[in-house]
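Read off the chains here:
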Amino acid sequence: MSVAIVGIGMHRFGRTPGMSGRQQAVVATRDALADAGVDWKDVQFAVGGSASGGFADTLVNELGLTGTAFINVSNGCATGASALMVAASMIEAEKADLCVAVGFDKHEPGAFNADPESVGLGAWYGSTGLMLTTQFFGMKIQRYLHDHDLPVSLLAKVSAKAFRNGALNPNAWRRTPLSEHDIAEAPMVSDPLTKYMFCSPGEGAVALVMASGKRAAAMQSNPVMLRSVVQRTRRYGSFEVFSPWLAPERADSPTVEAAGACFEDAGIGPADVDVAQIQDTEAGAEIMHMSETGFCAAGEQEELIMLGHTEIGGPLPINTDGGCIANGEPIGASGLRQIYENVVQLRGQAGARQVPGNPRVAFSHVYGAPGLSACTLLTR
Amino acid sequence: MRHPSPTVNQPAAGSRQQLPDDRFVDPDLLCEDDSGVTTLRGSRCNECGAITFPAQASCPRCAGTHMSAHPLPRRGTLWTFTIQRFRPKSPYDGPIEFEPYAVGYVNLADQVLVEARLSLRPDQVPLIGDEMELVFTPYTCTPDGVTVTTYAFRTVTDENDGQS
């Protein structure tokens, strides 16, 4: 794959009263174009998505009516990664050599309330109170801790890291460190997960400018290269959100397949990765996804976390910008936030949260409802 | 206890666990087993034997399109659980005055794992591996005063064993 990320832009995550999700997307896109040193009129293809912020293709009203092709994508929390994949495919197919991928959102406060019929379930599933992503995450980590003999105290450790890293990130929503004690003693939301172990639906926008390797070489001396991007949906037997039933036998999650194929396509192994952003919808998700993405065996997370391996400065820093827990989850923007952070880290521009030692390989992973995952590898 | 257990409507001990007269949330979820006892209505693939709940028209394992109605076992073991501690937004239509409720997956004889509310005794902490049985339990009341029931699972105890 010869695709580069030549520009990044972000509207800070959190709450921005008086500013729509679309307006935040315009800010992010203009930032990304400026970062790349190009104009909107130079863009040959654009792709974007948002769950509740409006249609991405309407951004042309503000960015300029240049006639460019613009595709809307929607894949839950994996929307941003899907946008990246579509843009990369267009470049690979030589249909365009300068593209924009954008993701944005603006959600109401409080847990998401999905419509059962939109995912093929009966109305009873919502009315009786089963259609909650929070319940799924509680039940998945409950079983995982049981199966792999992991202590529930690990959850607060993961959250505390997220808030610590978020405090170092000027674009993060949650910038106040919290102690493991305060996290563990906070009100329970879905046992064993407390309020501060979950990310919250929020607002924000991220845009990327992507170019063919050839065009990027003419623009920048050392661009960040996209080495692979892979998306997978679930198999029969995997344990997924919004499932009234599960098969009696367990299959690997879509994360396992997406990560495995992503590493294989790039010819890069998990041991080569210098920095990783992995979906931490809640603290347990980071723990489970560490293993599902191939960074350790199931059950080894306790030792790695206790030894500080996943901290900035550790051998495998994870969620260096504070992840979903500190940044919140604007669904459309979340996957591209990970890419933004990885580009910043590879460029060595992460300031107080910079991973030391000139990181060269960066991995990202998203997981979205109702059971799909996308992974990417960037190098510089 | 720091995070108290939820109190959930518990059918009176000794009540027969037939479908009550109240309105059931979705009658398509139910059928009678070979003994004429009401149970959950699943479907079974004629080709590969995969079992689903609710019943569906095609098989998610082999993509076959011939599925037969399949009454699910009424007993199983608790596979995982959580407790819903805040009142969900719409389309949830439970009581405005919210009481936490437990939710879990119950492994029904290795045929299928069904997601369900758990009907717990006050202060009962569920445990993975608990033996569970199907019950029907009120979960809300319509504005015109009709009680709506749904399916749930409760732990099998010496006290209620054999009464369902």
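The structure reproduced in this document is the subject of the present report. (Residues numbered from 1 in each chain as written. Chains lettered and ligands numbered in written order. Predicted model: local features only at pLDDT ≥ 70, side-chain atom pairs only at ≥ 80, totals over all residues. Heavy atoms only, no water.)

## Some words on the overall build of chain A
So, point 1. Within chain A, the secondary structure is distributed over 13 helices and 12 strands.
So, point 2. For 380 residues, the compact-globule estimate of 2.2 N^0.38 gives 21 Å, and chain A sits close to it at 19 Å.
So, point 3. Per-residue burial over chain A gives 62% buried out of 380 residues.
So, point 4. A separation of at least 24 residues holds for 76% of the contacts in chain A among residues at least 6 apart in sequence.
So, point 5. Here chain A carries 27 positive and 39 negative side-chain charges, and the mean point of each set is 6 Å from the other. (Helix = DSSP H or I, 4+ residues; strand = E, 2+ residues; numbered from the N terminus. Rg over C-alpha atoms; globule rule 2.2 N^0.38 Å. Buried < 20%, exposed > 50% of the residue type's maximum accessible area, 1.4 Å probe, protein only. Contact = heavy atoms within 4.5 Å. Lys, Arg positive; Asp, Glu negative; His and termini not counted. Charge placed at Lys NZ, Arg CZ, Asp CG, Glu CD.)

## A word on the side chain of T134 of chain A
So, point 1. If you trace the backbone, T134 of chain A turns up in helix α5 (residues 133-148).
So, point 2. Residue class for T134 of chain A comes out buried when judged on its relative accessible area of 8%.
So, point 3. Ignoring any residue separated from it by four or fewer positions in sequence, one finds T134 of chain A in contact with V189, S190 and F198 of chain A together with Q84 and F86 of chain B.

## Some remarks on unusual backbone geometry
So, point 1. The linkage connecting A369 of chain A with the following residue, P370 of chain A, adopts the cis geometry, with an omega of -5°.
So, point 2. Inspection of the secondary structure puts P370 of chain A in the loop between β11 (361-368) and β12 (372-379).
So, point 3. Residues S90 of chain B and P91 of chain B are joined by a peptide bond in cis, for which omega reads 15°.
So, point 4. One non-glycine residue, E94 of chain A, lies in positive phi territory at about 60°.
So, point 5. Along the polypeptide, E94 of chain A turns up in the loop between α3 (79-92) and β4 (98-106).
So, point 6. Taking the relative accessible area as the measure of exposure, E94 of chain A reaches 74% and is therefore exposed.
So, point 7. With phi around 70°, A63 of chain B is a residue other than glycine that occupies positive phi space.
So, point 8. Relative to the helices and strands, A63 of chain B is located in the loop between β4 (51-52) and β5 (67-71).

## A short note on the interface of chain A and chain B
So, point 1. On the side of chain B, 44 residues touch chain A, which itself brings 41 residues to the contact.
So, point 2. A combined buried area of about 3,500 Å² lies between chain A and chain B, and 60% of that area is made up of carbon and sulfur atoms.
So, point 3. Among the residues of chain A in contact with chain B, W124, M139 and W245 of chain A are the three that bury the most area, contributing 20% of the side total.
So, point 4. Across the chain A-chain B interface, the total number found is 2 salt bridges.
So, point 5. Remark: the boundary between chain A and chain B carries 20 residue pairs in polar contact (both at pLDDT 80 or more).
So, point 6. Among the elements that take part in the side of chain A that touches chain B, α5 of chain A stands out by supplying 7 residues, more than any other. (Buried area = accessible area lost by both parts, 1.4 Å probe. Salt bridge = Lys/Arg side-chain N within 4 Å of Asp/Glu carboxyl O. Polar contact = N/O pair within 3.5 Å; in protein donor to acceptor, adjacent residues only side chain to side chain.)

## A word on the packing of α3 of chain A against helix α13 (residues 331-347) of chain A
Residues and elements named next belong to chain A.
So, point 1. Two elements in contact, α3 and α13, have axes whose closest approach is 5 Å; the angle formed by their N-to-C orientations is 65°. Residues T79, G80, A81 and L84 of α3 lie in contact with α13, whose contacting residues are I331, G332, G335, L336 and I339.
So, point 2. Split by residue class, the contact of α3 with α13 holds 5 nonpolar, 4 polar and no charged. (Axes fitted to C-alpha atoms, helices over the stretch in contact; angles between N-to-C directions. Nonpolar A, V, L, I, M, F, W, Y, C, P; charged D, E, K, R; others polar.)

## Re the environment of R353 of chain A
Residue and element names in this part refer to chain A.
So, point 1. With respect to the helices and strands, the residue R353 is situated in the loop between α13 and β11.
So, point 2. Take R353: its relative accessible area is 6%, and that puts it in the buried class.
So, point 3. With 289 residues separating them in the primary sequence, R353 and G64 have C-alpha atoms 35 Å apart.
So, point 4. With residues up to four places along the chain from it excluded, the contact list for R353 reads L168, N169, P170, I312, T320, D321, E341, V344 and Q345.

## A short note on a negative patch on the surface
Residue and element names in this part refer to chain A.
So, point 1. A cluster of acidic side chains, namely D149, E300, E302 and E303, defines a negative patch on the protein surface.
So, point 2. Following the sequence through the fold, D149 ends up in the loop between α5 and α6 (153-167).
So, point 3. Take D149: its relative accessible area is 67%, and that puts it in the exposed class. (Patch = residues over 30% accessible without salt bridge, like charges linked within 9 Å, V, L, I, M, F, W, Y side chains within 5 Å. Areas by Shrake-Rupley, 256 points an atom, 1.4 Å probe, with all protein chains shown as cover.)

## Some points on the sheet that holds strand β1 (residues 3-14) of chain A
Residues and elements named next belong to chain A.
So, point 1. The strand order across the open sheet built from 9 strands is β3-β2-β4-β7-β1-β8-β12-β11-β10, with neighbouring strands paired in mixed fashion. Edge strands, defined here as strands with exactly one partner in the open sheet, are β3 (69-72) and β10 (275-278). Direction aside, the axes of adjacent strands within the sheet are offset by 20° on average.
So, point 2. With respect to the sheet, α3 is in contact with β1, β2 (45-49), β4, β7 (203-212), β8 (224-233), β11 and β12, its orientation differing from that of β8 by roughly 120°.
So, point 3. Of the strands in this sheet, β1, β2, β4, β7, β8, β10, β11 and β12 touch α13, which is tilted by about 120° from β1. (Pairing = 2+ DSSP bridges.)

## Comments concerning helix α1 (residues 21-36) of chain A
Residues and elements named next belong to chain A.
So, point 1. Counted at 1.5 Å a residue, the expected span for α1 with its 16 residues is 22 Å, and the 23 Å between its end C-alpha atoms agrees.
So, point 2. When we look at burial in α1, the residues that qualify are G21, R22, Q24, A25, V26, A28, T29, A32, L33 and A36.
So, point 3. In this structure, the buried residues of α1 make contact with β1, α2 (60-63), β4, β7 and α8 (213-219).
So, point 4. Positioned one or two residues after α1, G37 has a phi angle of 75°, which is positive. (Expected span 1.5 Å × (residues − 1).)

## Here's the deal with the nonpolar core
General note: in soluble globular proteins, nonpolar side chains tend to be found buried as a group.
So, point 1. By size, the foremost hydrophobic cluster in this structure holds 88 residues, and its most contacted members are F363 of chain A together with Y151 and F153 of chain B.
So, point 2. Here this core gets 7 residues from one element, more than from any other, and that element is α6 of chain A.
So, point 3. In this structure, F13, L84, A101 and I339 of chain A belong to the second largest nonpolar core, which totals 34 residues. (Core = buried A, V, L, I, M, F, W, Y, C linked by side-chain atoms within 4.5 Å.)

## Considering the pattern of salt bridges
So, point 1. In this structure the tally under the stated criterion is 20 salt bridges over all chains.
So, point 2. The partner of K41 of chain A in a salt bridge is D39 of chain A, with the nearest N and O atoms 3.4 Å apart.
So, point 3. Residue classification places D39 of chain A among the partly exposed positions, given a relative accessible area of 43%.
So, point 4. Each of R75, E131, E133 and R154 of chain B takes part in salt bridges that share partners, so that together they form one network.

Distances and angles like these do not, on their own, reveal function.
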